[in-house]
Amino acid sequence: MQLLDGLLVSKTIKQELTEKVAIRKSLGKKVPHLAAIIVGNDGASMTYVASKVKSCEEVGYDSTLIQLPSETTEAELLQKIHHLNQDDAVDGYIVQLPLPKHINEHKVLMAVDYRKDVDGFHPENVGRMALGLPCFLPATPAGILELLKRYNIETEGKNCVVVGRSHIVGMPMGLLMQRNDYPGNATVTVVHSKTKDIEKICSQADILIVAIGKPLMITKEMVKPGAVVVDVGITRIEDSTKNSGFRLAGDVDFQQVADQVSFITPVPGGVGPMTIASLLVNTFIAVERKDV
Ligand code: NDP
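This one's a predicted model, so the numbers in the text were calculated from it and none came from an experiment. One numbering rule holds for all chains: residues counted from 1, following each sequence as written. pLDDT decides what is reported in this predicted model: residues at 70 or higher carry local features, side-chain atom pairs at 80 or more are listed and counted, and totals for whole chains, interfaces and linings draw on all residues regardless. Neither water nor hydrogens contribute to the side-chain values; these are computed over all heavy atoms in the structure.

Enquirer: Tell me what's going on with the pairing of strand 5 (residues 159-163), and back it up with residues and numbers.
Expert: Using a 1.4 Å probe on the protein chains alone, a residue whose accessible area is under 20% of its type maximum counts as buried, one over 50% counts as exposed, and one in between counts as partly exposed. Secondary structure elements are taken from DSSP: a helix is a run of H or I of four residues or more, a strand is a run of E of two residues or more, and numbering for both begins at the N terminus. Burial of strand 5 is extensive: four of the five residues sit out of reach of the surface. Two strands pair when backbone bridges link them, and strand 5 and strand 6 (residues 187-191) are joined in this way by five bridges, in the parallel orientation. For Val-161, the partnering residue across the bridge sits in strand 6 and is Thr-189. The parallel pair strand 5 and strand 6 is bridged by helix 7 (residues 170-178), and the resulting crossover is right-handed. At least two DSSP bridges between two strands are required for those strands to pair. Here strand 5 pairs with strand 7 (residues 207-210) via four bridges, running parallel. Counterpart to Cys-160 in the pairing with strand 7 is Ile-207. Seen with the strands pointing away from the viewer, any crossover whose path from the first strand over the helix to the second strand runs clockwise is right-handed.

Enquirer: I'd like a description of the layout of surface pockets, backed by residues and values.
Expert: Using a probe with the size of a water molecule, rolled over the atoms, empty space left in the structure can be pinpointed. Using protein atoms alone on a 1 Å grid, points that fit a 1.4 Å probe yet trap it form a cavity, whereas open point sets bounded by protein on both sides within 12 Å along at least five of seven lines form a pocket; residues with an atom within 4 Å of a point count as lining. Grid points are joined across faces, edges and corners, and a volume is the space filled by probe spheres set on the points. One number sums up the size of the second largest pocket: a volume of about 450 Å³. Taken together, 23 residues line the second largest pocket, and the ones lying closest to its centre are Ala-142, Glu-146, Lys-149, Val-281 and Ile-285. Among the elements that make up the lining of the second largest pocket, the one with the highest residue count is helix 10 (residues 271-291) (seven residues). Taken together, the residues that form the lining of the second largest pocket break down as 13 nonpolar, two polar and eight charged. In the scheme used here, Gly and all other residues not listed as nonpolar or charged are polar, with Ala, Val, Leu, Ile, Met, Phe, Trp, Tyr, Cys and Pro taken as nonpolar and Asp, Glu, Lys and Arg as charged.

Enquirer: Kindly report on the domain arrangement of the protein chain, identifying the contributing residues and their values.
Expert: Residue ranges assigned to the domains are those given by an automatic or database domain assignment. Domain annotation for the protein chain reports domain 1 (27-114) and domain 2 (139-272). Centre-to-centre, using C-alpha coordinates, domain 1 lies 28 Å away from domain 2.

Enquirer: Report on the nonpolar core, specifying residues and quantitative values.
Expert: Burial of nonpolar side chains together is a common tendency in soluble globular proteins. To form a nonpolar core, buried Ala, Val, Leu, Ile, Met, Phe, Trp, Tyr and Cys residues must be joined to one another through side-chain atoms within 4.5 Å. Core analysis: the biggest nonpolar cluster contains 46 residues, and Leu-4, Tyr-61, Ile-144, Met-177, Ile-209, Val-230 and Val-232 have the highest contact counts within it. Considering each element in turn, this core owes the most residues, seven residues, to helix 10. Counting contributing residues, this core receives three or more from each of domain 1 (27-114) and domain 2 (139-272). By definition in these notes, contact holds between two residues if any of their heavy atoms fall within 4.5 Å. Beyond its immediate stretch of four places on either side in the chain, Ile-209 contacts Ile-144, Cys-160, Val-161, Val-162, Val-163, Met-173, Met-177, Val-230 and Val-232. Judged by nonpolar contacts, the second largest core, of 18 residues, contains Leu-68, Val-108, Leu-109 and Val-112.

Enquirer: Would you mind going over empty space enclosed by the protein in detail, with residue names and values included?
Expert: Enumeration according to the criterion identifies one cavity of 30 Å³ or more in this entry. Taken as a whole, the largest cavity holds about 60 Å³ of empty space. Among the elements that make up the lining of the largest cavity, the one with the highest residue count is strand 4 (residues 92-95) (three residues).

Enquirer: Account for the packing of helix 1 (residues 6-26) against helix 6 (residues 139-150), with residues named and values stated.
Expert: Here, axes are lines fitted to C-alpha atoms. For helices the fit covers the stretch in contact, and angles between N-to-C directions go from 0 to 180 degrees. It is the contact of helix 1 with helix 6, at a shortest axis distance of 11 Å, that shows an interaxial angle of 95°. On the basis of the axis angle, helix 1 is roughly perpendicular to helix 6. The segment helix 1 lies against helix 6, with Gly-6, Val-9, Thr-12, Ile-13 and Glu-16 engaging Glu-146, Leu-147 and Arg-150. Classifying every residue of the contact of helix 1 with helix 6 gives three nonpolar, two polar and three charged. The cut-offs work like this: below 35 degrees is roughly parallel, past 145 is roughly antiparallel, 65 to 115 is roughly perpendicular, and the gaps in between are oblique.

Enquirer: Can you explain the site of the ligand? Please cite residues and give values.
Expert: The rule for a residue being near a molecule or strand is that one of its heavy atoms must lie within 4 Å of it. Around the ligand there are 21 residues in total, and Arg-165, Ser-166, Ser-193, Ile-234 and Thr-275 lie nearest to it. Any pair of nitrogen or oxygen atoms within 3.5 Å is treated as a polar contact; in protein, a donor-acceptor pairing is required on top of that, and neighbouring residues in sequence qualify only through side-chain atoms on both sides. Thr-275 is positioned such that a nitrogen or oxygen atom in its side chain is 2.8 Å from an oxygen atom of the ligand. In this description, accessible areas are obtained by the Shrake-Rupley approach with a 1.4 Å probe, and a residue is regarded as covered only by the protein chains that are shown. Computed on the free molecule, the ligand has an accessible area of 920 Å², of which 70% lies beneath the protein chains in the complex. When residues of the shell around the ligand are assigned to their parent elements, the largest contribution, three residues, is made by helix 10.

Enquirer: Outline the packing of helix 6 against helix 10, listing residues and values.
Expert: Their axes nearest at 7 Å, the elements helix 6 and helix 10 cross at an angle of 105°. When the interaxial angle is binned, helix 6 and helix 10 end up roughly perpendicular. Touching Ala-139, Thr-140, Ala-142, Gly-143, Ile-144, Glu-146 and Leu-147 of helix 6 are Val-271, Met-274, Thr-275, Ser-278 and Leu-279, all from helix 10. Grouping the amino acids of the contact of helix 6 with helix 10 by side-chain chemistry returns seven nonpolar, four polar and one charged.

Structure (structure tokens):
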């Protein structure tokens, strides 16, 4: 078994971006600028946003963190988004999800200028992705593709099973793995909570990509010997041996399946850091598009 070390690969990508930013600077070109909006003070969301902003600093980007109170109205948030759309200094921005219940997430995502939508959630970007046109790919699936690429994982003609069909991970992942490109050209099956006999379908996968948010659900019997396993899930579970009282668990029972797979992502240190790296890559693409 070999680890698909997302942490290591993400560091390489960050180093590459740092060098590209230095070149831009030396040519007097604009440094990429990523903004992030967070509404409310959900602990996990705050941690994710903070690490995105910190990563911008690491690679020499400008960054702006906009923290809004949980009582922020939908109209106020839309106003903020309108400002970011107009602000030439900001090349790309993200609205950290989930939003408080009183705000319509769909309306908010629709309001983001798709040219600054570095999360790749706007329907314009989703449609372009489906058609293979230039777009911002959603950060998590894009990070997984990059990880597969950097480890030279063969995907053409492989049987790929994606567990989960969310708009931000499972659905785009399925589309991208079946596109006529590398990584891609796989025969894809997407399964979800209504699928019958998930165990059998998973156990036939050469490449198994799991994004469900159900810790340790994928067990030994569900994994084909020699498979490539990508675990997107990341859930806090109680662990009294930790000072924090919890640890992070993936959707795959790593201990059980590690021996029988060819490649597997660890949790943490697999898909998570690659997601942030992809966001940085998308922001770099955003600033470069303004050059022309
Ligand atoms: P969602 O809750 O939006 O979607 C979960 C999907 O899993 C749904 O399609 C659901 O099916 C399916 N599902 C749920 N239970 C089962 C089951 N028992 N059997 C089969 N399918 C099931 O989650 P996300 O896609 O947003 O995230 C999934 C996980 O990935 C979470 O742990 C999240 O924290 C993590 N994540 C990690 C990221 C990273 O960077 N590492 C980035 C994004 C997410 P149905 O549609 O039928 O309800």
